[in-house]
Amino acid sequence: DLLRILIFLMCSFHVCSINVNGLRDCIKRRQTLASCNSENADVLLLQETHASGLYETRGWEREFGGKGFWSVGTNSSCGVSILFSKRHSWRPADYL
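Residues numbered from 1 in each chain as written. Predicted model: local features only at pLDDT ≥ 70, side-chain atom pairs only at ≥ 80, totals over all residues. Heavy atoms only, no water.

Caption draft 1: Summary view of the overall build of the chain. When helices and strands are tallied, the chain shows three helices and four strands. When the elements of the chain are put in sequence order from the N terminus, they spell out α-β-α-β-α-β-β. Residue burial in the chain is summarised as follows: out of 96 residues, 35% are buried. Considering only contacts in the chain between residues 6 or more positions apart, those separated by 24 or more positions represent 60%. Counting every atom, the chain has about 6000 Å² of accessible surface; 57% of that belongs to carbon and sulfur. (Helix = DSSP H or I, 4+ residues; strand = E, 2+ residues; numbered from the N terminus. Buried < 20%, exposed > 50% of the residue type's maximum accessible area, 1.4 Å probe, protein only. Contact = heavy atoms within 4.5 Å. Areas by Shrake-Rupley, 256 points an atom, 1.4 Å probe, with all protein chains shown as cover.)

In structure tokens, the structure reads:
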């Protein structure tokens, strides 16, 4: 529905996009996610996560404090994600 998409696009939110070159190291992951949280990122776009499965990514969502969409790769390449903060009441699924 076009009205829903327009309302979504007019919402004010902060987007952060990072090529993380791997998030499997717990210290690097915690620092990266904490930095994005301190910047009040509402939508976090991560490239090259090197996530190997959805079980692993669910823990990362808990660390960020939100939900996300994932395309996993291998532990040495690929993987992207879109994470959504819980700070807002809107749900991305309402607009897709």
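Caption draft 2: Up close: the pattern of salt bridges. Counted by the stated rule, this structure contains three salt bridges. Ionic pairing is found between Glu63 and Arg29, a salt bridge with its closest N-O pair at 3.0 Å. A residue pair is termed long-range when its members are at least 10 positions apart, and Glu63 in helix α3 (residues 54-64) and Arg29 in helix α2 (residues 26-38) qualify at 34 residues. Owing to a relative accessible area of 8%, Arg29 belongs among the buried residues under this scheme. (Salt bridge = Lys/Arg side-chain N within 4 Å of Asp/Glu carboxyl O.)

Caption draft 3: Layout of the nonpolar core. Formed by 13 residues in total, the largest nonpolar core has its most connected members in Cys36, Leu44, Leu46, Phe64 and Leu83. Elements that contribute at least two residues to this core include exactly α2, β2 (43-47) and α3. Not counting chain neighbours up to four residues away, the residues in contact with Leu83 comprise Leu33, Asp42, Val43, Leu44, Leu46, Glu61, Phe64, Lys67, Gly68 and Trp70. (Core = buried A, V, L, I, M, F, W, Y, C linked by side-chain atoms within 4.5 Å.)

Caption draft 4: How the structure looks around α2. Along its 13 residues, α2 runs 18 Å from first to last C-alpha, staying within 8% of the 18 Å computed at 1.5 Å per residue. For α2, the elements touching its buried residues are β1 (15-19), β2, α3 and β4 (80-85). Sitting at the head of α2, Asp25 places a side-chain oxygen 3.2 Å from the backbone nitrogen of Ile27. (Expected span 1.5 Å × (residues − 1). Polar contact = N/O pair within 3.5 Å; in protein donor to acceptor, adjacent residues only side chain to side chain.)

Caption draft 5: Looking closely at the sheet that holds β2. With respect to topology, four strands assemble into an open sheet ordered β1-β2-β4-β3, the strand pairing being mixed. Edge positions in the open sheet fall to β1 and β3 (66-71), since each of these has one partner strand only. Within the sheet, the average angular offset between the axes of one strand and its neighbour, ignoring direction, is 15°. Relative to β2, β1 runs parallel, the two sharing five bridges. Residue pairing across strands places Val15 opposite Val43, the latter belonging to β2. Strands in contact with α2 are β1, β2 and β4; relative to β1, the strand with the most contacts, it is inclined by about 155°. Contacting β2, β3 and β4, α3 crosses the sheet at an angle of about 145° to β3. (Pairing = 2+ DSSP bridges. Axes fitted to C-alpha atoms, helices over the stretch in contact; angles between N-to-C directions.)

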